[in-house]
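Breakdown of the fold
So you can see what is in the structure, the chains are spelled out below.
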Amino acid sequence: MNDRLIYRRLEWTSFALLLIIAVAIVLIFLESISLTIFKITLVILLLFAFAMFLLLRRTLTETIRQGKQRFKSAEYKFDKLYESDVIGILISTRDGVVLEANDAFLNMVGYSRSDLTHFKILWNEVITDEPKGTENPLKRLEGAGNYKPVEKQLERKDGSKLWGLCGSAALYDKDEGDIVSYIIDITQKKEADEKAAEYESIIKAQEEEFKSVFLNAPAFISIRRGPDLRFVFVNKFFERISQRSDHLGKTHEEVYGDIISFQDQSMAKQVFETGKQLRGTRYKINYKDDDGDWRVLYLDYVISPVFDNSGKVDGVAFFGYEVTDLVTANQDLELSKNQFAFLADTMPHKVWITDAEGNLQYVNKAWMEYANISNDTDPAIWSSIIHPDESEQAMDAWSESLSRGTEFNMESRLTRHDGEYRWHLSHAVPFKDNHGQIVYWVGINTDIHDSKMQVQHLMDNEAYFRNLSEETPFIVWKTERGGKCVYLNHKWTEFTGLPVEESLGFGFRKAILIDDIAAYRQNWMETLKTHALYQEKFRLRTADGEYRWVFSQGNPHYVNSRFEGYVGSIVDITEQELSSQAIKELSEKKDEFLSIASHELKTPLTSIKASIQLIARAISTDSKVSQFAVKASEQLIRLERLISDLLDVSKINSGRLIYNNTVFYFREMVREVVQSIQHTTTTHKIIIERSDKVILLGDRFRLEQVLYNFISNAIKYSPQADKVIVNCQIKENDLVVSVQDFGIGIAPENLSKAFDRYYRVDDTAMRFQGLGLGLFISADILKRHNGNFWIESELGKGSTFFFSLPLNDPLHAIRPETDHRSFYKDSKIEIRYDPEKHWLEAYWHGFQNFETIKHGCLKLLDLLEKTKSKKVLNDNTHILGNWSEASEWGGKIWLPAMEISGLRHFAWVHSESAFSKLAASRIANFPNGQVTTRFFESKEEAVIWLENVNSDSIQDTPLTESDAEMI
């Protein structure tokens, strides 16, 4: 039953009841009616009223039933809406305290159900874009009873932002009661709108750029539209040549009048009517230049149809390309022939030309002087000029080139006019017409006699090298460029029992212990890529089946600056290796002892600590015994830390120190560590000057250990001070933490040793307790987190200990810009080539670690090879942190590879960081052959040195245009 029928039934039943009551009242007051009639009428009215009552009751029951069904349906729909993960729904007080909320809202703002039940969610903290001093948005409900949906920026619990469509309404009335609100996450929509706006801006910019390109292009460009083909676009070059600026809106005829030819008109109309493109060449134009002089211009042109949005031809576009130079070049071709003869005569090479059949047509002056021949010489003379040993082969090769039309190449000896034979490289190519037919042959003979003799000399040296290597008491080997072994002396066979022939190529691997082959191959392939010094230890099987340790070392071999492979040696180092292994085993046993001792000491130490605590509680605090108990308890705590450090060191050495990475708030961890240490000291106040809000992935316990060590050391080594300052701030993509004290400081010569195991300066070892393990353990923890550490210190004024932790993968943040030839830039390094000074300049930035240093160094090596530079200006002025781990790789691998690639002089501008200076010095201290390294405090000093230094008898050849094209 619908609502309209129910309402009608209620209306007329209630009216009927009222009518019956009214009739009954009237009958009561009628005196003329008999009692019998009254009773009968009254009974009928009552029966009718009863029927109306039953009908009214049924109607009301149906109304209530349908109301319940609607309420349940509305309740069900509300529950579904409340439980959905699309719309966030919350109920709050008028003061902004959130009382109830669905999961969708909690997920949006990043709060937990526990935060909700403890009333920790405040509306004012969620909405962040309300201007200061404005009324709370919830208070606005008092005026209208609802809050119309608006877009608001919200802040999650972790500080991140999102956009939401928010609306609110009062639950009861606009003056009192709680408030229900909803939030729809529109972050993606906002981002999409921003992207769309960004793309629209880019498209507009590209349209303007595209238009600018056409407008300023050095070609004739015009567009005409409509049935009359009126100009709608003319570029500047078109206007400059035509010396007209009134094209737009006019037809070609209106602009040029009688000057335009019938052919020009018909071509444009033909393209417009057919929609097919037309092309033309050598179109001649006479025009006046800027000085008023008449000039001739030739064009190759294209007339293309222009289409509207429906694909219908709407106009034509004219593109004309100037070919005046080409036409002029054809006109000068005849003159060039004479110039060719002149140039050929000035060349030191012997140039000759034959017809298509090989008949001699021309020889240059060099040929005439060398063999005493002329242009009218009988072609048969060639057979007498070529050495008899190569004559038949040369004639056959020349005949084959003539028949096939292929290039001719051959080395042969040619007789000079005095009878001496000299080696020449003969090269000839056919010149063909447009139909592929040979017109003539051009040949050149280059004297290679001296280089040929040099090669022979090298071959003689090779034989000398082999004879010498056979006399050495160790194994000598040689490889070609691809790494294959091409030579082994007889000591190889004596040592391994394998024949030399069987061991060439990669056959020598049969003698290497199978467990060592994988590491050998990886090291060898990496060395081949960089042409660096090769060094490797592995085990070789001897002739009697025993495996012995050997050390293989190889140097890159160059011939005329071209890499030709490696020459190296293999030496038996079994005794030295066994000694090293014995030392390593002793170190492992020592670590094992420390580990066992640490575990064994913990149990009695725990019992002693408990006993001392019981004694301290049982006696009066005023007693001297109580003071002894307190001191003993402090010493036990110190002993516990020492034992824990010993245990950590043994785990680090054995690789068993476990890290449990979790996501945590770094600021909370810092606050907890500072509070914990502050409770144990009364001499110093630990001040947190700055602590940025950071969520970090790492082992919280181990990082607490690092911070605890830094702060504890700051307190220990500043006995005369009263404060320690802690700072935690985000710099670039790193979290940088510093702990500053005002104590004794560290001498510069001791800075690099501060993080070594057991290291303590002698003077401080007598004055301060400890084993010197804390910083060693901290350094390992930071390395395992891809972090970094360094110290800035001054004797007598204090020290600042720093460490940094990357907030993401360092290489992931690198976004390079490069031309792959002479320029490279990313967030860590900028490299650019100076063509005038012919050197490379490298500028390092920000925090560096091993991975970023290696990445930048390899880019610098790549550009050094491509630009053929011999000098490098390496500026570390803006580098931060400590990258000493890269020092050994830089000194042993990278700098030698730079030397092989041509580096001779390396100017190094120091960073202000003392640790960075130490790392740079360590790289330079490795032996680097011919590379001269100098350190400077400023770029200006480095530039002066590079400008005045010579390249040690190696000519600095600038990068030429041909080199650039080849690169």
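Refer to the structure above for everything that follows.
Let us look at the structure shown here. (Residues numbered from 1 in each chain as written. Predicted model: local features only at pLDDT ≥ 70, side-chain atom pairs only at ≥ 80, totals over all residues. Heavy atoms only, no water.)

1. Structural notes on a nonpolar patch on the surface
Heads up, the condition is: Two joining distances apply to patches: 9 Å for like charges and 5 Å for nonpolar side chains (Val, Leu, Ile, Met, Phe, Trp, Tyr), and every residue must have over 30% relative accessible area and no salt bridge. Note that accessible areas follow from Shrake-Rupley with a 1.4 Å probe, and for residues the cover is restricted to the protein chains shown. Counted as salt bridges are all cases of a side-chain nitrogen of Lys or Arg within 4 Å of a carboxyl oxygen of Asp or Glu. Note on conventions: DSSP H or I runs of at least 4 residues are helices, E runs of at least 2 residues are strands, and numbering of each starts at the N terminus.
Nonpolar side chains collect at one region of the surface, where Leu18, Ile21, Ile25, Ile28 and Phe29 lie side by side and expose about 570 Å² of accessible area between them. Along the chain, Ile25 turns up in helix α1 (residues 3-29).

2. Observations concerning the packing of helix α22 (residues 666-678) against helix α23 (residues 700-716)
The condition is simple: Angles shown run from 0 to 180 degrees and are taken between the N-to-C directions of axes, each axis being a line fitted to C-alpha atoms and, for helices, limited to the stretch in contact. Should an angle fall under 35 degrees it is taken as roughly parallel, and over 145 as roughly antiparallel, whereas 65 to 115 is taken as roughly perpendicular and any remaining angle as oblique. When the near helix sits turned anticlockwise from the far one by under a right angle, the crossing is termed left-handed; a clockwise turn instead gives a right-handed crossing. In what follows, residue pairs with any heavy atoms lying within 4.5 Å of each other are defined as contacts. Only Asp, Glu, Lys and Arg are considered charged in this grouping, and only Ala, Val, Leu, Ile, Met, Phe, Trp, Tyr, Cys and Pro are considered nonpolar; every other residue, Gly among them, is considered polar.
For the pair α22 and α23, interaxial distance at closest approach is 10 Å and the crossing angle is 45°. The angle between α22 and α23 places the two elements in the oblique class. You can see that α22 and α23 cross each other, and the crossing is right-handed. Across from Glu668, Met669, Val670, Glu672, Val673, Val674 and Ile677 in α22, the residues of α23 making contact are Arg700, Leu703, Glu704, Leu707, Tyr708, Ile711, Ser712 and Ile715. Residue composition of the contact of α22 with α23, by class: 10 nonpolar, one polar and four charged.

3. Section: the sheet that holds strand β15 (residues 438-447)
Sheets are built from strands that pair by backbone hydrogen bonding, the pairs being arranged parallel or antiparallel. Basically, it comes down to this: If DSSP finds at least two bridges between two strands, the strands pair.
Pairing in this open sheet of five strands is antiparallel, and the strands run β12-β11-β15-β14-β13 from one edge to the other. This sheet does not close on itself; its edge strands, each paired only once, are β12 (360-363) and β13 (408-415). Strand-to-strand, the axes of this sheet are offset by a mean angle of 25°, without reference to chain direction. Taken together, the nine bridges between strand β14 (residues 421-432) and β15 define a ladder with antiparallel strand orientation. Counterpart to Ser426 in the pairing with β15 is Asn445. Taken strand by strand, helix α15 (residues 388-404) contacts β11 (350-355), β13, β14 and β15, and its axis lies near 150° from that of β13.

4. Describing the sheet that holds strand β24 (residues 723-731)
In space, the five strands of this open sheet follow the order β22-β24-β25-β27-β26, with mixed pairing throughout. Each of the sheet's edge strands pairs with one partner strand only, and the pair in question is β22 (685-691) and β26 (788-794). Across the sheet, the axes of successive neighbouring strands diverge by a mean angle of 15°, strand direction being ignored. Where strand β25 (residues 734-740) lies against strand β27 (residues 798-806), seven bridges are found, and the strand directions are antiparallel. Its bridge partner lying in β27, Ser738 is registered against Phe802. Strands β22, β24, β25 and β27 of the sheet are contacted by α23, whose axis makes an angle of about 170° with β27.

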